Structure formats: C-alpha cells, structure tokens
Amino acid sequence: MIFFFITSFFIIFIAFFIYISQSVNLIENVSERKIHLKPARLIGGLIIYSTIIFSLFLFETTNLFKYSVIVSFAILLLGLADDIYKISYIKRIFFQIFVCSLIFGNGIIISDLGPIFQDNSILYLGYFAYFISILSIVGLTNAINFIDGIDGLASAIVLNSVLVIIIYNNFSNYQINEITYNELIIVIIPLTLFIILNISNFFYFKIFLGDAGSNFLGFFLAILLILYTMDNYRLFHPVLAPWCVCYPVYDMLNVILQRLSKRKNPFLTDNSHLHTKLFILFNKNQFKVLILILIFSFSLSIIGLIIFIFISPLFSLLSFILLFIPYFIINTALSNHVRKKSFSN
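Residues numbered from 1 in each chain as written. Predicted model: local features only at pLDDT ≥ 70, side-chain atom pairs only at ≥ 80, totals over all residues. Heavy atoms only, no water.

A. Layout of a nonpolar patch on the surface. A surface patch of nonpolar side chains, amounting to about 700 Å² of accessible area, comprises F117, L123, L314, L318, I321, L322, I325 and I329. Elements that contribute at least two residues to the nonpolar patch include exactly helix 13 (313-322) and helix 14 (324-344). In terms of residues, the nonpolar patch owes the most to one element, helix 13, which gives four residues. Mapping L322 onto the fold places it in helix 13. (Patch = residues over 30% accessible without salt bridge, like charges linked within 9 Å, V, L, I, M, F, W, Y side chains within 5 Å. Areas by Shrake-Rupley, 256 points an atom, 1.4 Å probe, with all protein chains shown as cover. Salt bridge = Lys/Arg side-chain N within 4 Å of Asp/Glu carboxyl O. Helix = DSSP H or I, 4+ residues; strand = E, 2+ residues; numbered from the N terminus.)

B. Structural view of the environment of A143. With respect to the element layout, A143 can be found in helix 5 (residues 128-146). Linking A143 and P248, residues 105 residues apart in sequence, is a C-alpha distance of 5.4 Å. In contact with A143, not counting residues within four places along its chain, are P248, V249 and M252. (Contact = heavy atoms within 4.5 Å.)

C. Summary view of the sheet that holds strand 2 (residues 40-41). The strand order across the open sheet formed by three strands is 1-2-5, and the pairing between neighbours is mixed. One side of each edge strand has no neighbouring strand; the edge strands of this open sheet are strand 1 (27-28) and strand 5 (206-207). Two elements, strand 2 and strand 5, share two bridges in a ladder whose sense is parallel. From the neighbouring strand, R41 faces strand 5, where its bridge partner is I207. (Pairing = 2+ DSSP bridges.)

D. Just the nonpolar core, in detail. Among the nonpolar cores identified, the biggest contains 110 residues, and I207, Y228 and F236 are the most heavily contacted of them. Top element by residues in this core is helix 8 (residues 210-227). It accounts for 12 residues. Residues contacting Y228, with those up to four places away along its chain left out, are F65, I165, T180, E183, L184, Y233, R234, L235 and F236. (Core = buried A, V, L, I, M, F, W, Y, C linked by side-chain atoms within 4.5 Å. Buried < 20%, exposed > 50% of the residue type's maximum accessible area, 1.4 Å probe, protein only.)

E. Geometry of unusual backbone geometry. Positioned with a positive phi, K86 is a non-glycine residue whose angle comes to about 65°. With respect to the element layout, K86 can be found in the loop between helix 3 (63-85) and helix 4 (89-104). One non-glycine residue, N120, lies in the positive phi region at around 65°. Within the secondary structure, N120 sits in the loop between strand 3 (112-115) and strand 4 (122-124). Residue class for N120 comes out exposed when judged on its relative accessible area of 56%.

In structure tokens form, the structure reads like this:
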C-alpha cells in the first residue's frame, strides 16, 4: 500500500514538472562540456522532494522528520535558483550555514560521539558541536553535489547510504519502530524510482537531479544521519555515520586538495573526480562506472562496520580518517594514468 501511494505521487509529479520545466527554464541542452547526448530536464530533485512531502500526509512520521523535510525546502530552492540563475559558491555556502541554524533551533545537532572509549564513556562535543555539525551538513550537501556527474550516481549513493543505515541498525542494540520504518521507506521508494528513471530512456530527453536535487539530497541525508544518531532517535552508533557517506566525503576532500595543489578554485569543475577518471578509463560507459563506484562505496561502509565490531568505535573513527590517505594516493596515480591515456589518444 505504501509503495502504491508513493509511486502514484511520483508519477503525478513527473508529469507536472515536465509540463512546467520549459516555462521556468529548467532545461540543460547538449554541449561539448556535458556528457549527456539528449537535452535534460533539471526536475529530479523537485519530483523526489514533492513525493516525500506529500507522503507525510499519509504516513505517520516523527515531528523532527517532518521538520527536517520542511526546512530542506530552503536548500531545494537554493539549488533551484542555482539551476536557473547560477549563484556564486560563497553565497550558496553562507545560505547553507543559515539553514543549519534553523535545524539547530529544533535540537538536531551532533552533541556527542556516543560511547567511544573502552569504559563506554561518552565523548561530548560541548561548544564544538555547532562547528562540527555545520561542517558535516554543509560538507555533505556539497559532497553529493560534487559527485552528481554521471547518470544515477548522486541519487544511488544517497540510496546506498540510507540502506547502510538499516544494515548498521541490524548490527546494533537499537530497534527500528514502525514510525522510523515509514520515514526510511518514504525516502527509499522515490530515490529508487528516480534512479530507474534517470538511467533509462523513457523519454526523448533525460531527467536529472539538477543542483536543486543534489543539494537537497545531500542536506537531507546529513540531517537524517544526525537525527538517527541522536540519543532519543538513535538507530546506530554515531561514529559509524561518516562510514555511511565515505565515498562522497573522500571524493570531495580529494578534489579540493587536488585543485588547491594546482592553485585552482576548489569549487570550479574539472576532471579531478573519481567518476570522471573512471568514465574516461571505461570508454565513457556510465553504467559500468556507476556499478563500480556503488560496490566501492558499499565496501567502504562494511569495512567501517567490521572495524567497529571487531576492534572498537574509536579505532573505527580513526580508520575513517586514515583511510583517506591511500584513497588520495590511488586517485593521484589514477589521474596520472588518465592523463597519459588522454595524451596517447
């Protein structure tokens, strides 16, 4: 029954936003800089968000979940404005920080890292809670936007993260109640439907997330990870939250460091992303790249869980930080390989 209603909403909003996309200039045409071969409608985020918010009227969810969806509308609008008018990255980041303050006002914040030491004592963040929360939310918002470069990648990574939450919960002492189950399903179904729509050829044009969609999904995922690791709503240990989004975080850090090392603006596009390098190596086969990155992302999440279970929460957190070093080294080597291949061609 849940699937039927959510799918119905999704189909209705596909038709509605296709109809208005031309009049509000949510069109991305084919160009030399783009890899898609068809014109695209930048309405995927609008479809997903509208499906989620209308689902709130039919299925029971917590007030904090409802509040998170409503506040995320501001980020959706920011991305929508960027799709149409192109807004500077500085203005986008300041606005994202402002929206974070609205989230904090309702108590959604990373206040502690849970029982992280051997004696099960809790590491409270104190005044650092606000800084770490802003860094996490703004960082993940932009990380998902960064990886939105091939069909299905950003939405599939978000879906992977939500499914990893469920896996982590199964290995924890916390229980998913019916209300939380509704919340997860309300997110999972439209994401799955969009991925199918995004990688298929139902129309003579493509349907993309757009900046509205990638920014919304990154922001909303960050809020869910905070919400589901808070004391009263906890589904899994807080130190596992970074492992849910290991790939997009690693990719963003790698891209920023690579661009800064070349004295480039870290927010201007280039070929530093892992998906771009693999796209070149796999002869522009987007589906192969998508599957490979999803396997890689899921594997990283499982590695974090294994370290957490068999060693300790603290070592799991430290491993998340240290594992970025080989990721960066491998990416640098891959960049050199791609450069040589491009030069030889």
